[in-house]
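Structure assessment
Now for the letters of each chain:
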Amino acid sequence: MPTLALRGLTIYPKMMVHFDVGREASIKAIEEAMSSNTSIFLVAQKDIRVEVPDRNHLFDIGTVSTVRQILRLPGKTIRVMVEGEYRARLHDLVQTEPYLVAQVEPAEHGPAYEGKSNSLRAEAAIRQAYELFDRYCELSPKSASAEMLMNIMSSEDPGYIADFIAQNVSMRVLDKQSILDELRPVQRLNKINRLLHREVEILEMEQNIQRRVQENMTQNQKDAFLREQVRVIQEELGEDGDNEITAYRRQIMEAKLPEEVTNKLLKEVTHLEKQPFGSAESSVLRNYLDVCLELPWTKTSKERVSVSAARKILDADHYGLEKVKERVLEFLAVKQLAPDLKGQILCLVGPPGVGKTSIAMSVARALNRKLARISLGGVHDEADIRGHRKTYVGAMPGRIINAIRQAGTKNPLLLLDEIDKLGSDLRGDPAAALLEVLDSEQNSTFRDHFVELPFDLSDVLFVTTANTTSTIPRPLLDRMEVIELSSYTDEEKLQIAKQHLLPKQLKRHGLKKSQVKLTDDAIRELIVSYTRESGVRVLERELGALCRKVAMGIVSEEYKQAHVTGDNLEQFLGPRKFHPEKNGLENQVGLVNGLAWTAVGGTLLEAEANVIPGSGKVELTGNLGNVMKESARAAFTYIRSRAVQLGIEANFYKEKDIHVHFPEGAVPKDGPSAGVTITTAMVSALTGIPVRGDVAMTGEVTLRGRVLPIGGLREKSMAALRNGIHTVIIPKDNEPDLEEIDQTVRSALQFIPVDHVDQVLANALERPPLAQPDQAGGQVPVVSPETGSTHATIPQA
Ligand code: ADP
């Protein structure tokens, strides 16, 4: 029988199959079969790579088939349609040229074997086969279809069913051959069931994997789709994402930044490019790039260092302040001679409202530098100065870099306000960070945590302001050149108001000079009765209030021009807020005017003492600090030691309690300079002699009654004058400080320098205490009443 060696294909009886044939020998065999109208033996080749097979290359069992159709394809191949007839065993190849001829023997009884073995086992195998094939069709709809299922459902022949399934299910060649080799129908079906079962399991697993892949795919596809949509929307809106990247690149290249900065920023742009649009990371990067590009890496304003121009500007902006102006001009003179000298830092110290900020502004104007202001009050986090790393949510650069950004040049005047109010806590010490900022050795490469690049601060002119130097961290203070500004006298305030504040307020309120006539008297009244301050801030505010009132009057056509005098001031500003010289000047027992110096200037500090029956306790109240309490105890001991001379019962401390109180108990007070005040109050309370109300005093007291010098005399004396005091008792060692005090203040007050408490008592008490008759032998005045001057005689105990 002509024979065809099949490669990778198995044909079963009763199956119609078509396949392509290419080998010459195979084509000849088919042609022979067709022409002689005989069957052809189809047998699979063991190894498909063999071109010219011999007996050993072929399996034993094959299928005798009929060629139904031949179709010649372009080239040498033909497509044949064959139908299997029955299984046959290959005995021998009798011819190999020009085509194979084999001697075969049928391996089944005839082409159709009866389904005799339809036992229960066969039935079970058939049902299982249906089920498996059904499942298989479901899982692999491409290779098998419902039609095929119908085909086997209609059959009850297990052998045929097995053959049918084997023909239509994709399996390995060896497995297919094993089905062909099995001649017993039921066993064959069982075999195919086993193979099918495996196949179904594999398919199920495949499908599982497929589904999971699909799920991932769909998520990714969804993202990609949405992103694409966003891109299109952006394009429509004219905010093309790609353009943004190129715009950043262009901006960076055009900005002519230092090389390190350019490289870093370009790197960040590349990073941004990789981020999906709208991600948190991308907005962080965008913010970073915006901030960095906004920084004036190389931009400077042309500085003008001219002492004469600066003098003009300072004089035009400020009344008085001669010494301060002189110091500022000296500072600028050095700058003019040595322009490269860097790292000079001015520190303007003084009470609020005395013009520190406005001096700094004038300096900036004089130097033609931009001005940026940083308020350091309450800053207690290092990150405030240096910024947060950009990875933090909502991170921003620190205040220094921010101020530079606002100024827009790298050589602005940076005004660091309230450097004395700098705090520090667990989150790091801002003073340390500030030290680096202010240090000319280090600040050329100042690194902000956010910017992450060194920024050159060496061209910045730093000016700081403070109310007091005492709370400025020492290392900071050492780097600064301190210029002190002091309180204004009423006369100075008058001039400032007339020449600067009023014109400023008029302009701000849209009033013409002719519309407001303010007499000097009115301004004086305003200063005395509506303000109580060292500077002129409240005064300026009150003038503003006055302008508003006048503006209202003019707009409502009450009058065309306002005449404000000392007498009608209340019509404009309401009732007076302060009534000077009312209670302060009355002579009272146990009530003494002390003078204190605070960060906001000098103030009058009253001390009250009262004596009550008791057991010698000293009670101190009024929110006093430790130093002040100690000076009260020292005063008490001194009085005990001098009781006889002071006319106090020697054992008063056994039967009486003394209570000293400083009113305005909510305000903390401390310092040794209230020593004389406390002593005087106690003596007055113990002796019952009133204290002169027009006298104020300041000075530290030792256990032996010596009076030691104090600080802040200038501020204190101004406070005394403001409060209607006529005489001020001061420590003798402070006498040189009187030189510093403004002439108007000095001539309005009488200063009595003292070096012992007895002199204080002689001048402050209404009458001198009389020594106790018993112990001191007769009523001898301790101090002669006529004295009341510096040179009181001091009796020694
Ligand atoms: P500080 O910074 O010391 O608290 P400011 O500089 O803010 O005080 O001054 C408060 C107001 O008083 C400003 O409007 C300022 O122009 C004005 N001022 C202070 N001193 C003078 C002065 N000597 N001449 C003119 N105006 C002054």
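Rules of the game
- Residues numbered from 1 in each chain as written.
- Predicted model: local features only at pLDDT ≥ 70, side-chain atom pairs only at ≥ 80, totals over all residues.
- Heavy atoms only, no water.
- Core = buried A, V, L, I, M, F, W, Y, C linked by side-chain atoms within 4.5 Å.
- Buried < 20%, exposed > 50% of the residue type's maximum accessible area, 1.4 Å probe, protein only.
- Helix = DSSP H or I, 4+ residues; strand = E, 2+ residues; numbered from the N terminus.
- Domains from an automatic or database assignment.
- Contact = heavy atoms within 4.5 Å.
- Near = heavy atom within 4 Å.
- Polar contact = N/O pair within 3.5 Å; in protein donor to acceptor, adjacent residues only side chain to side chain.
- 1 Å grid on protein atoms, 1.4 Å probe; cavity = no way out; pocket = protein on both sides within 12 Å on 5 of 7 lines; lining within 4 Å.
- Sits in = over half its atoms within 2 Å of the grid points.
- Nonpolar A, V, L, I, M, F, W, Y, C, P; charged D, E, K, R; others polar.
- Phe/Tyr/Trp six-rings, centres within 6.5 Å; stacked < 30°, edge-to-face > 60°.
- Lys NZ or Arg CZ within 6 Å of the ring centre and 35° of its normal.
- Points joined across faces, edges and corners; volume = space filled by probe spheres on them.
- Salt bridge = Lys/Arg side-chain N within 4 Å of Asp/Glu carboxyl O.
- Pairing = 2+ DSSP bridges.
- Axes fitted to C-alpha atoms, helices over the stretch in contact; angles between N-to-C directions.
- Buried area = accessible area lost by both parts, 1.4 Å probe.

1. Some points on the nonpolar core
- In this structure, Val-328, Leu-332, Ile-359, Leu-511, Leu-518, Leu-539 and Leu-543 are the most contacted members of the largest nonpolar core, which totals 53 residues.
- Of the residues forming this core, the biggest block, seven residues, is contributed by helix α19 (residues 537–555).
- Two domains each put at least three residues into this core: domain 4 (307–484) and domain 5 (490–573).
- Dropping the residues within four chain positions of it, Leu-543 is found in contact with Ala-497, Leu-501, Leu-502, Gln-505, Leu-518 and Leu-526.
- Counting residues in each nonpolar core, the second largest holds 52 residues, with Leu-285, Tyr-288, Ile-400 and Phe-450 among its members.

2. Let's talk about the site of the ligand
- Around the ligand sit 20 residues in total, of which Gly-353, Lys-356, Thr-357, Lys-504 and Arg-537 are the nearest.
- Between an oxygen atom of the ligand and a main-chain N or O atom of Ser-358, the distance comes to 2.9 Å.
- Within the contact set of the ligand, an oxygen atom lies 2.9 Å away from a side-chain nitrogen or oxygen of Glu-540.
- Spatially, the ligand is embedded in the second largest pocket.
- Elements supplying a minimum of two residues to the shell around the ligand: α12 (356–367), α17 (490–508) and α19.
- Top element by residues in the shell around the ligand is α17. It accounts for four residues.
- Its residues placed into classes, the shell around the ligand shows nine nonpolar, six polar and five charged.

3. Observations regarding the packing of aromatic side chains
- Counted by the stated rule, this structure contains six aromatic pairs.
- Relative to Phe-652, the ring of Phe-636 lies with its centre 5.9 Å away and its plane at 75°, an arrangement referred to as edge-to-face. A residue pair is termed long-range when its members are at least 10 positions apart, and Phe-636 in helix α21 (residues 626–641) and Phe-652 in helix α22 (residues 652–655) qualify at 16 residues.
- Each member of the aromatic cluster is reached from another via a ring pair, and the members are Phe-133, Tyr-136, Tyr-160 and Phe-164.
- Positioned over the ring face of Tyr-288 is Lys-390, at 4.5 Å from the centre of the ring.

4. Side note on the environment of Glu-123
- Among the secondary structure elements, Glu-123 is positioned in helix α2 (residues 120–139).
- Sequence-wise, Glu-123 and Thr-727 are 604 residues apart; in three dimensions their C-alpha atoms are separated by 132 Å.

5. What to know about the layout of surface pockets
- Size it by volume and the second largest pocket reaches roughly 790 Å³.
- Considering the residues around the second largest pocket, the lining is formed by 31 residues, among which Gly-355, Lys-356, Thr-357, Ser-358 and Lys-504 are closest to the centre.
- Within the residue set of the lining of the second largest pocket, elements represented by two or more residues are α12, β8 (371–375), β12 (461–466), α17 and α19.
- A breakdown of the residues in the lining of the second largest pocket according to their chemical character gives 11 nonpolar, 11 polar and nine charged.
- Composition of the lining of the second largest pocket by domain shows at least three residues from each of domain 4 (307–484) and domain 5 (490–573).

6. Quick look at the pattern of salt bridges
- The final tally for this structure, using the stated rule, is 45 salt bridges.
- Its salt-bridge partner being Lys-390, residue Glu-452 comes within 3.0 Å of it at the nearest N-O pair. In this pair, Glu-452 sits in the loop between β10 (446–447) and β11 (454–455) while Lys-390 sits in the loop between α13 (382–386) and α14 (399–407), placing the two residues 62 residues apart along the sequence.
- When its relative accessible area of 24% is taken as the criterion, Glu-452 is described as partly exposed.
- Taking the shortest distance from any N to any O, the salt bridge between Arg-642 and Asp-758 comes out at 2.4 Å. Here the residue Arg-642 occupies a position in the loop between α21 and α22, and Asp-758 occupies one in helix α26 (residues 757–764), the gap between them amounting to 116 residues. This pair shows no difference in class: Arg-642 is buried, exactly as Asp-758 is.
- What emerges from the salt-bridge pattern is a single network uniting Lys-264, Glu-268, Lys-390 and Glu-452.

7. Things to note about the sheet that holds β8
- In spatial order, the strands read β8-β9-β12-β7-β13; together these five strands make up an open sheet with parallel pairing. A single partner strand is all that each edge strand has here, and the edge strands are β8 and β13 (481–484). Strand after strand, the sheet turns through a mean of 20° between neighbouring axes, direction not considered.
- Running at roughly 155° to β13, helix α11 (residues 322–337) makes contact with β7 (345–349), β12 and β13 of the sheet.

8. Observations regarding the pairing of strand β3 (residues 40–44)
- Of all five residues in β3, five are buried; the element is thus mostly enclosed.
- Examined bridge by bridge, strand β1 (residues 2–6) and β3 share four bridges and lie parallel to one another. Looking at β3, one finds that Thr-3 is bridged to Phe-41.
- Bridge count for β3 against strand β4 (residues 61–72) is three bridges, and the pairing is antiparallel. Each residue of the ladder has a partner; that of Ile-40, found in β4, is Ser-65.

9. A short note on the domain arrangement of the protein
- Along its sequence, the protein is organised into domain 1 (2–109), domain 2 (115–197), domain 3 (244–294), domain 4 (307–484), domain 5 (490–573) and domain 6 (591–764).
- In this structure, domain 4 and domain 6 have C-alpha centres spaced 39 Å apart.
- Between domain 4 and domain 6, the residue contacts involve six residues of the former and six residues of the latter.
- Surface buried jointly by domain 4 and domain 6 totals about 420 Å² across both partners, of which 56% is contributed by carbon and sulfur atoms.
- Between domain 4 and domain 6 we count zero salt bridges in total.
- At the junction of domain 4 with domain 6, the criterion picks out zero residue pairs in polar contact (both at pLDDT 80 or more).

10. A word on the sheet that holds strand β18 (residues 618–621)
- On the basis of which strands lie adjacent, the open sheet formed by seven strands has the order β18-β19-β17-β16-β20-β23-β24 and mixed pairing. Taken across any chain shown, the strands that pair with only one partner, and hence form the sheet edges, are β18 and β24 (750–754). Each strand axis lies, on average, 30° off the axis of its neighbour in the sheet, ignoring direction.
- Both β18 and strand β19 (residues 656–661) contribute to a ladder of four bridges, which runs parallel. The partner of Val-618 across the bridge, within β19, is Ile-658.
- Sitting on the sheet, α21 touches β17 (601–613), β18 and β19, and the angle it makes with β18 is about 150°.

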